[in-house]
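Residue strings, one per chain:
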Amino acid sequence: MIRRIVGALAIALLGVSCAGEASNISGDLRNVGPVTVTFKVEPARVRVGQSVRFTFRLVNNAGKDEQLTFPTGQHYDFWATRGTTESWRWSEGRVFIQTITRETITPQSSLTLSEFWKPERAGEYIAHGRLTASGYERELTGKLVVE
């Protein structure tokens, strides 16, 4: 019951792109065991050169620690596509430690990961986010309009 309430609340707070013009936040969410993962693009409508924030928020809804295991020092990636063309990728040109790393989310707490991008061209984009933790790899998306 609590998971359903948390999930419904997260959807309402995100204004997941179904809200259209009324919301300036776009994103997606899913549950991985006791952890609710939200991906948010804010604002979802910007002008060329304005910053857009891509954010993952992981909330541990359980009564025990949740440990995330990453195959490298890269814990996430964000990118944007326009049609079939990738316009930006956060990890491009970065180097990550090549060792297993771990993060612990304590009960009823959260972990937030975010980065910024300044689009240089107008158009409709799909914003993508992917965690690299074992079991969390599925990509989440949101819509972005650049004017």
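Remember, predicted model here, so these are calculated numbers, not experimental data. (Residues numbered from 1 in each chain as written. Predicted model: local features only at pLDDT ≥ 70, side-chain atom pairs only at ≥ 80, totals over all residues. Heavy atoms only, no water.)

How should the pairing of strand 7 (residues 85-89) be read in this particular structure?
Look at any regular strand and the pattern is simple: side chains alternate between the two faces of the sheet. The sheet contact formed by strand 6 (residues 76-82) and strand 7 spans four bridges and is antiparallel. Along strand 7, the bridge assignment pairs Thr81 with Glu86. (Pairing = 2+ DSSP bridges. Helix = DSSP H or I, 4+ residues; strand = E, 2+ residues; numbered from the N terminus.)

Whenever I open this one, unusual backbone geometry confuses me. Can you help?
Negative phi characterises most residues that are not glycine, and trans characterises most peptide bonds. Between Glu42 and Pro43 the backbone carries a cis peptide bond, its omega angle lying at -5°. Residue position: Pro43 is located in the loop between strand 2 (35-42) and strand 3 (45-46). Although it is not a glycine, Gln108 adopts a positive phi angle of roughly 60°. For Gln108, the position within the fold is in the loop between strand 8 (101-105) and strand 9 (110-117). Residue classification places Gln108 among the exposed residues on the basis of a relative accessible area of 58%. (Buried < 20%, exposed > 50% of the residue type's maximum accessible area, 1.4 Å probe, protein only.)

Would you mind showing me how to read the sheet that holds strand 3 here?
Strand-to-strand pairing in sheets goes through backbone hydrogen bonds, with the strands running parallel or antiparallel. Spatially, five strands are ordered 3-11-10-6-7 in an open sheet, and the strand pairing comes out mixed. Only two strands of the sheet have a single neighbouring strand rather than two, namely strand 3 and strand 7. Where strand 6 and strand 10 (residues 123-131) come together, six bridges link them in antiparallel fashion. Across the sheet, Tyr76 pairs through a bridge with Leu131, a residue of strand 10.

Looking at this structure, how should I read the nonpolar core?
Here is a general trend for soluble globular proteins: nonpolar side chains tend to be buried in one another's company. Ranked by size, the top nonpolar core spans 30 residues in total, and within it Val37, Phe56, Leu58 and Tyr136 carry the most contacts. Elements that contribute at least two residues to this core include exactly strand 2, strand 4 (52-60), strand 5 (66-70), strand 6, strand 9, strand 10 and strand 11 (140-146). Among all residues touching Val37, those that are not within four sequence positions of it are Asp28, Leu29, Arg30, Val32, Phe56, Arg57, Leu58, Leu131, Tyr136 and Leu140. (Core = buried A, V, L, I, M, F, W, Y, C linked by side-chain atoms within 4.5 Å. Contact = heavy atoms within 4.5 Å.)

What exactly am I supposed to notice about the sheet that holds strand 2 here?
Reading across the sheet, the four strands line up as 1-2-4-9 and stay open at both edges, with antiparallel pairing between neighbours. Here the strands that pair on one side only, and so sit at the sheet edges, are strand 1 (26-32) and strand 9. Here the strands of the sheet are splayed against their neighbours by 10° on average, with no regard to which way each runs. (Axes fitted to C-alpha atoms, helices over the stretch in contact; angles between N-to-C directions.)

Can you help me understand the packing of aromatic side chains in this one?
The geometry of an aromatic ring pair comes down to the distance between the two centres and the angle between the two planes. Counted according to the given criterion, the structure contains 12 aromatic pairs. Consider the rings of Phe39 and Phe54, whose centres lie 6.2 Å apart with planes at 50°: the pair is tilted. Here Phe39, found in strand 2, pairs with Phe54, found in strand 4; they are 15 residues apart in sequence, far enough to count as distant. Residue Phe39 is classed as buried on the basis of its relative accessible area of 0%. Here the aromatic rings of Trp88 and Trp117 are separated by 5.4 Å at their centres, their planes lie at 15°, and the arrangement is stacked. Of this pair, Trp88 sits in strand 7 while Trp117 sits in strand 9; the two residues are 29 residues apart in sequence, bridging distant segments of the chain. In this pair, the class of Trp88 matches that of Trp117, namely buried. Here a set of aromatic residues connected by ring pairs shows up, and it is made of Phe39, Phe54, Phe56, Tyr76, Phe78, Trp88, Trp90, Phe96, Trp117 and Tyr125. In this structure, Arg89 packs its charged tip against the face of Trp79, placed 4.3 Å from the ring centre. (Phe/Tyr/Trp six-rings, centres within 6.5 Å; stacked < 30°, edge-to-face > 60°. Lys NZ or Arg CZ within 6 Å of the ring centre and 35° of its normal.)

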